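Observations on the model geometry
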Amino acid sequence: MLGFTAERISMATPVPVLRLPKGPDPNSRGFDPRSPRFIALCPTSISTSTASETDADQLQKEQRARSVLRESFLRCLISMTNKKVQFHMYEKVKVEATFGASDIDVLNFQVSDLQTPIGVQKEALIRCQDVISYSFDV
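The structure contained in this document is the topic of the report that follows. (Residues numbered from 1 in each chain as written. Predicted model: local features only at pLDDT ≥ 70, side-chain atom pairs only at ≥ 80, totals over all residues. Heavy atoms only, no water.)

Turning to the overall build of the protein, a few remarks are in order. When helices and strands are counted, the protein shows two helices and five strands. Listing each helix as α and each strand as β along the protein from the N terminus yields α-α-β-β-β-β-β. Here the protein holds 138 residues, and the buried ones make up 19% of them. Accessible area of the protein: about 11200 Å², with a carbon and sulfur share of 58%. (Helix = DSSP H or I, 4+ residues; strand = E, 2+ residues; numbered from the N terminus. Buried < 20%, exposed > 50% of the residue type's maximum accessible area, 1.4 Å probe, protein only. Areas by Shrake-Rupley, 256 points an atom, 1.4 Å probe, with all protein chains shown as cover.)

Here it is in structure tokens:
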């Protein structure tokens, strides 16, 4: 008969992972601009049906601008990790919490020690649609 002893094993603290959306297939290097999800998430102001050279240039500039904005937003999320963040929400509610991570679609923020007007919550999810703005010290 084998003996089994229950030992307390300390696990390393989990690290929050910020995942980017996957491309249309495993070998992809980008998003399929014809996919319904891409069209819904990234509508362009340029019609693709009448693509001339100037429209192509304009589309390329718009895509470049979108990629720069997306990258700076993701860098902002990374720099917020483990910092006190003030969230300004609707109805003039202001809360403060330690930022943990965001989900893949940036629909929720995971926070710790959420200080609200009615008390402190150890762990919480804040819906991004409820947030007007947020700020933090660098």
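Let us now look at the side chain of threonine 98. Take threonine 98: it is sitting in strand β2 (residues 94–102). Ignoring anything within four residues of it in the chain, the contact list for threonine 98 reads Asn82, Lys83, Lys84, Gln110, Val111, Ser112 and Asp113. (Contact = heavy atoms within 4.5 Å.)

This part covers the packing of aromatic side chains. Counted under the stated rule, the structure contains four aromatic pairs. Considering the side-chain rings of phenylalanine 87 and phenylalanine 109, the 5.8 Å spacing of their centres and the 35° angle between planes classify their relative orientation as tilted. Highlighted residues: phenylalanine 87 in strand β1 (residues 84–89) and phenylalanine 109 in strand β3 (residues 108–116), separated in sequence by 22 residues. In this pair, the class of phenylalanine 87 matches that of phenylalanine 109, namely buried. Here phenylalanine 99 and phenylalanine 109 contribute two aromatic rings whose centre-to-centre distance is 5.4 Å and whose plane-to-plane angle is 70°, an arrangement assigned as edge-to-face. Residue phenylalanine 99 is located in strand β2, and its partner phenylalanine 109 is located in strand β3; the two are separated by ten residues in the primary sequence. Chaining the aromatic ring pairs together yields one cluster made of Phe87, Phe99, Phe109 and Tyr134. (Phe/Tyr/Trp six-rings, centres within 6.5 Å; stacked < 30°, edge-to-face > 60°.)

As a further point, take the environment of arginine 127. Within the secondary structure, arginine 127 sits in strand β4 (residues 119–127). Between the C-alpha atoms of arginine 127 and glutamine 110, which are 17 residues apart in sequence, the distance is 9.1 Å. Setting aside residues no more than four positions away along its own chain, arginine 127 makes contact with Leu107 and Asn108. Separated by 2.9 Å, the side chains of arginine 127 and aspartate 130 make a polar contact. (Polar contact = N/O pair within 3.5 Å; in protein donor to acceptor, adjacent residues only side chain to side chain.)

Here we come to the pattern of salt bridges. Tallying each qualifying case throughout the model produces four salt bridges. As a salt-bridge pair, arginine 66 and glutamate 62 come within 3.2 Å of each other at their nearest N and O atoms. Here arginine 66 pairs with glutamate 62, and both are found in helix α2 (residues 53–80), just four residues apart, close to one helical turn. The exposure class of glutamate 62 is buried, given its relative accessible area of 16%. (Salt bridge = Lys/Arg side-chain N within 4 Å of Asp/Glu carboxyl O.)

With that out of the way, let us pick up the sheet that holds β3. Reading across the sheet, the five strands line up as β4-β3-β2-β1-β5 and stay open at both edges, with antiparallel pairing between neighbours. A strand with exactly one partner marks an edge of an open sheet, and here the two such strands are β4 and β5 (131–136). Each strand axis lies, on average, 35° off the axis of its neighbour in the sheet, ignoring direction. Bridging between β2 and β3 involves five bridges; their strand directions are antiparallel. The residue of β3 that forms the bridge with phenylalanine 99 is valine 111. (Pairing = 2+ DSSP bridges. Axes fitted to C-alpha atoms, helices over the stretch in contact; angles between N-to-C directions.)

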